[in-house]
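# Survey of secondary and tertiary structure
As a plain string of letters, each chain reads:
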Amino acid sequence: MKYLIALAFIASVTSIICGYWLNVDYAQKLIGFGVLGLFFVVIPLFTYHRWKDRDANEYILTKEKIEDMRKKEGDKRKL
């Protein structure tokens, strides 16, 4: 998976750079396809790859977690 992500990233960045550098009629299309590749292919694949084995509940802020943080800091306020 990481090789696919790296390949898609390199292809997208190469497309953007070639679009800026080359003086051809379709330079704007190269830039556009590079940006689309980054935002609709590379970023979702990277996000999935990094978060596939994690529990999202660990990152949700609840009242219990806020109270635990306040106890550690010595804060006596209530919610």
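We now turn to the structure provided with this report. Given the structure is predicted, the values throughout are model-derived calculations rather than measurements.

### A closer look at the overall build of the protein chain
When you go through the protein chain residue by residue, the secondary structure sums to three helices and zero strands. Going from N to C terminus, the protein chain has its helices and strands arranged as α-α-α. Radius of gyration (C-alpha) of the protein chain: 22 Å, far over the 12 Å computed for a compact globule of 79 residues. Each principal axis of the C-alpha distribution contributes one length, and for the protein chain these read about 65 × 25 × 15 Å. Here the protein chain, with 79 residues, has 15% of them falling under the buried criterion. Separation between the mean location of the 13 positive side-chain charges and that of the 9 negative ones in the protein chain comes to 1 Å.

### Observations regarding the nonpolar core
Formed by Ile5, Ala8, Ile16, Leu38 and Val42, the largest nonpolar core amounts to five residues. Going through the elements one at a time, helix H1 (2-21) and helix H2 (27-51) are the ones with two or more residues in this core. The element contributing the most residues to this core is H1, with three residues.

### Quick notes on the packing of aromatic side chains
By the definition in use, this model includes one aromatic pair. Measuring from ring centre to ring centre gives 5.1 Å for Trp51 and Tyr59, while their planes differ by 65 degrees; the resulting arrangement is edge-to-face. Positioned over the ring face of Trp51 is Arg54, at 5.6 Å from the centre of the ring.

Procedures and definitions
Residues numbered from 1 in each chain as written. Predicted model: local features only at pLDDT ≥ 70, side-chain atom pairs only at ≥ 80, totals over all residues. Heavy atoms only, no water. Helix = DSSP H or I, 4+ residues; strand = E, 2+ residues; numbered from the N terminus. Rg over C-alpha atoms; globule rule 2.2 N^0.38 Å. Buried < 20%, exposed > 50% of the residue type's maximum accessible area, 1.4 Å probe, protein only. Lys, Arg positive; Asp, Glu negative; His and termini not counted. Charge placed at Lys NZ, Arg CZ, Asp CG, Glu CD. Core = buried A, V, L, I, M, F, W, Y, C linked by side-chain atoms within 4.5 Å. Phe/Tyr/Trp six-rings, centres within 6.5 Å; stacked < 30°, edge-to-face > 60°. Lys NZ or Arg CZ within 6 Å of the ring centre and 35° of its normal.

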